[in-house]
Amino acid sequence: MIHCDGLCLQLTHRPVLADVTWHIEAGSVWGIIGPPASGKSVLAKTLCGLFTPRQGRLIVDGVDLPGLPEPDRVRVRRKMGMLFQNNALFDFLRVLENVAFPLARQNPKMPQDELVARAQERLRAVGLSGSEEKWPSELSGGMKKRVGIARATICNAPVLIYDEPTAGLDPVTTSKIYDLLTGLRQKHASTVIAISSDIPALRHFVDHILFLHQGRIRYCGPESGLEACEDPVVYQFVRGQTEGPL
Amino acid sequence: MAGNFFAAVGASVLNLCAEVGGILTLLFRVLICLLPPRFDLDETWRNLHKMGVRSVPIIVLTAFFTGGIMVIQAAVFVKKFGATSLVGWGAGYAVFREIGPMLLGLMFSGRVGSNNTAELGTMVVTEQIDGLRALSIDPVRYLIVPRVLSMIVMLFLLTILGDVVAIVGAALFGTVLADVSLASFWVSFSQNVHVADVTHGLIKAAVFGFIVALTSCHFGITVKGGAVGVGRAVNNAVVAAALGIVLSDYLLTYALP
């Protein structure tokens with residue numbers, strides 16, 4: 001589904017991704033973990049074509065994404081839904097409009113009634129019925145996350161990327177959100193990439209783990225193999241030890 | 001010591017070139033979206049309302065007292081030399097050609113331009129711009145072009161309104177402070193102020209709107225950092241717009257008939 005070969009990316013003259021080689025099969029569920037500022041969000045945005053790598057190949061569903069000019073990336077991005085770290089809800093749109101926005105853009109001729117019905121159905125799925133007319137500024141952190149998830153998933157895109165879906169949320173809300181993501185994944189059989197700092201909760205959700213440190217992959221494999229990884233950075237991070245290279 | 005000085009000057013020049021280059025690049029991208037027109041009409045309509053209709057009270061207030069100030073300044077000499085027949089012409093000529101578009105442009109920059117920069121900057125910081133791009137929406141076409149068009153159109157229209165209100169203010173203040181009757185004011189105004197004076201100011205208003213739009217959008221969409229970055233961008237946008245208005249006013253005053 002997605003193939004990265006030797007991806008390198010620099011932002012403001014600073015290397016952010018270095019020689020990232022990663023293959024994601026359709027239908028698999030990946031978790032990206034790593035210390036802060038290790039390039040996790042940048043990698044997710046690169047997969048969407050929001051950053052163009054300086055070197056390497058990025059093939060998404062058979063298409064060389066970096067080789068495409070910006071207007072032609074539309075057809076690749078339509079296969080992806082993304083929840084951003086800060087939710088990226090549009091301030092100038094109400095909750096219902098935010099959720100319906102991607103659908104309306106992808107299907108300009110879809111009748112308004114159907115758009116509203118689809119958005120309401122998705123809001124019901126994330127437990128936010130009755131919040132349709134609220135502004136994003138009126139929502140709590142957990143509600144914003146759920147609106148972001150509803151918006152990311154409304155088009156039933158084959159690839160879903162969740163950047164910190166549970167950051168700053170309490171354990172109960174975290175469990176509810178992972179239950180919701182699991183339900184959506186089972187229903188649509190989508191390929192999922194989730195970034196999270198909440199390692200225990202994330203490990204319950206994913207099949208595979210990619211560990212990034214300073215833009216380089218330190219572990220890439222099944223979730224169950226993470227404990228056995230002998231890389232000192234991974235070892236220290238996974239166990240939460242204070243002594244070590246980090 | 002001298003090395004530090006030249007390094008600082010060089011850095012400032014490079015920074016200035018980068019900002020001017022960024023503004024010109026944005027201008028180019030806006031023009032591409034306009035030829036042929038491809039932009040969001042709903043967003044344009046929303047901006048016309050937000051930037052224009054909501055600016056009416058402050059523009060009316062500013063214009064009314066601007067007209068009044070012109071007469072207050074002149075009242076002493078009008079009384080001294082008995083030049084009541086010149087008050088209408090003086091107020092109209094100054095307001096239409098110079099004071100009206102200039103003051104309203106600066107006021108518009110402070111109210112609408114700074115708000116626009118802060119809004120776009122916050123959208124950058126909170127990843128809303130990335131969100132649009134991830135949804136395959138060109139932020140220039142969706143956000144910038146409607147704002148540029150709205151600011152040009154609205155500053156033009158607000159200047160027409162402001163001109164009328166300023167003349168009304170000048171006439172009222174003239175009656176109260178300089179003993180110039182309304183009839184005398186009107187005769188002086190209508191016989192000496194020409195259409196060219198009005199169009200001169202309106203052309204300036206459209207250019208000022210364009211400058212405020214480009215600078216505010218450029219500094220908004222290139223914000224780096226969090227709240228501090230947004231604050232710095234607003235500051236830069238207001239300074240750049242004020243400089244642009246003064247410089248273009250100087251050039252237009254020479255160039256226009």
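Before reading on, note that the structure itself is shown above.
Here we summarise the structure given alongside this text. (Residues numbered from 1 in each chain as written. Chains lettered and ligands numbered in written order. Predicted model: local features only at pLDDT ≥ 70, side-chain atom pairs only at ≥ 80, totals over all residues. Heavy atoms only, no water.)

1. Digging into the pairing of strand S7 (residues 159-163) of chain A
Along any regular strand the residues' side chains alternate between the sheet's two faces. Residues and elements named next belong to chain A. In terms of burial, S7 is a largely internal element, 5 of the 5 residues being buried. By the alternation rule, side chains of S7 split into Val-159, Ile-161 and Asp-163 and Leu-160 and Tyr-162, which are all buried. Here S7 runs beside strand S8 (residues 191-195); their pairing, made up of 5 bridges, is parallel. Directly across from Ile-161, in S8, lies its bridge partner Ile-193. Each parallel crossover has a hand, and for S7 linked through helix H6 (residues 171-188) to S8 it is right-handed. (Buried < 20%, exposed > 50% of the residue type's maximum accessible area, 1.4 Å probe, protein only. Helix = DSSP H or I, 4+ residues; strand = E, 2+ residues; numbered from the N terminus. Pairing = 2+ DSSP bridges. Right-handed = clockwise from strand over helix to strand, strands pointing away.)

2. Side note on the interface of chain B and chain A
Residue-level contacts link 17 residues of chain B with 18 residues of chain A. Buried area between chain B and chain A, summed over both chains or domains, comes out near 1700 Å², and the portion from carbon and sulfur atoms is 57%. A per-residue breakdown of the area chain B buries against chain A is headed by Glu-127, Gln-128 and Arg-133 of chain B, which together make up 34% of the total. Linking chain B to chain A there are 3 salt bridges. Lys-45 of chain A serves as the salt-bridge partner of Asp-130 of chain B, at 2.9 Å between the closest nitrogen and oxygen. Inspection of the region where chain B meets chain A yields 8 residue pairs in polar contact (both at pLDDT 80 or more). At the level of secondary structure, the elements contributing two or more residues to the side of chain B that touches chain A comprise helix H2 (41-51), helix H4 (87-125) and helix H5 (128-134) of chain B. For the side of chain B that touches chain A, the element with the most residues is H5 of chain B, which contributes 6 residues. (Contact = heavy atoms within 4.5 Å. Buried area = accessible area lost by both parts, 1.4 Å probe. Salt bridge = Lys/Arg side-chain N within 4 Å of Asp/Glu carboxyl O. Polar contact = N/O pair within 3.5 Å; in protein donor to acceptor, adjacent residues only side chain to side chain.)

3. Description of the nonpolar core
In globular proteins that are soluble, nonpolar side chains generally tend to be buried together. Judged by nonpolar contacts, the single largest core of 45 residues is most densely connected at Ile-149, Tyr-162 and Phe-205 of chain A. Those residues in contact with Tyr-162 of chain A that lie beyond four places of it in its chain are Leu-83, Thr-153, Leu-181, Leu-184, Val-192, Ile-193, Ala-194 and Ile-195 of chain A. Judged by nonpolar contacts, the second largest core, of 37 residues, contains Phe-92 of chain A together with Leu-132, Val-148 and Met-154 of chain B. (Core = buried A, V, L, I, M, F, W, Y, C linked by side-chain atoms within 4.5 Å.)

4. Focus: the pairing of strand S2 (residues 14-24) of chain A
Residues and elements named next belong to chain A. Examined bridge by bridge, strand S1 (residues 2-11) and S2 share 7 bridges and lie antiparallel to one another. Residue pairing across strands places Cys-4 opposite Trp-22, the latter belonging to S2. In textbook terms, the turn of a hairpin is the stretch between consecutive antiparallel strands, and for S1 and S2 this stretch comprises 2 residues, one of which, Thr-12, has a positive phi near 45°.

5. Examining the packing of aromatic side chains
A full pass over the atoms with the stated rule returns 15 aromatic pairs over all chains. When the ring of Phe-211 of chain A is compared with that of Phe-237 of chain A, the centres are 5.2 Å apart and the planes differ by 80°; the resulting orientation is edge-to-face. With a gap of 26 residues between them, Phe-211 of chain A in strand S9 (residues 208-213) and Phe-237 of chain A in helix H8 (residues 232-239) connect regions that are remote in the sequence. Phe-211 of chain A sits in the buried class, given a relative accessible area of 0%. Seen in terms of ring centroids, Phe-65 of chain B and Phe-173 of chain B are 6.2 Å apart; in terms of plane orientation they differ by 65°. Their pairing is edge-to-face. One end of the pair, Phe-65 of chain B, is in helix H3 (residues 56-81); the other, Phe-173 of chain B, is in helix H6 (residues 139-177), and 108 residues separate them in sequence. Through successive ring pairs, a cluster of aromatic residues spans Phe-90, Phe-92 and Phe-101 of chain A together with Tyr-142 of chain B. Above the face of the Phe-90 of chain A ring, Arg-151 of chain A is positioned so that its terminal group lies 4.6 Å from the ring centre. One residue, Arg-239 of chain A, lies across the ring of Tyr-235 of chain A, its end atom 3.7 Å from the ring centre. (Phe/Tyr/Trp six-rings, centres within 6.5 Å; stacked < 30°, edge-to-face > 60°. Lys NZ or Arg CZ within 6 Å of the ring centre and 35° of its normal.)

6. Focus: the environment of Leu-41 of chain B
Residue and element names in this part refer to chain B. Here Leu-41 shows up in helix H2. Looking at Leu-41, the relative accessible area reads 62%, which means it is exposed. Taking the C-alpha atoms as reference points, Leu-41 and Val-193, 152 residues apart in sequence, are found 38 Å from one another.

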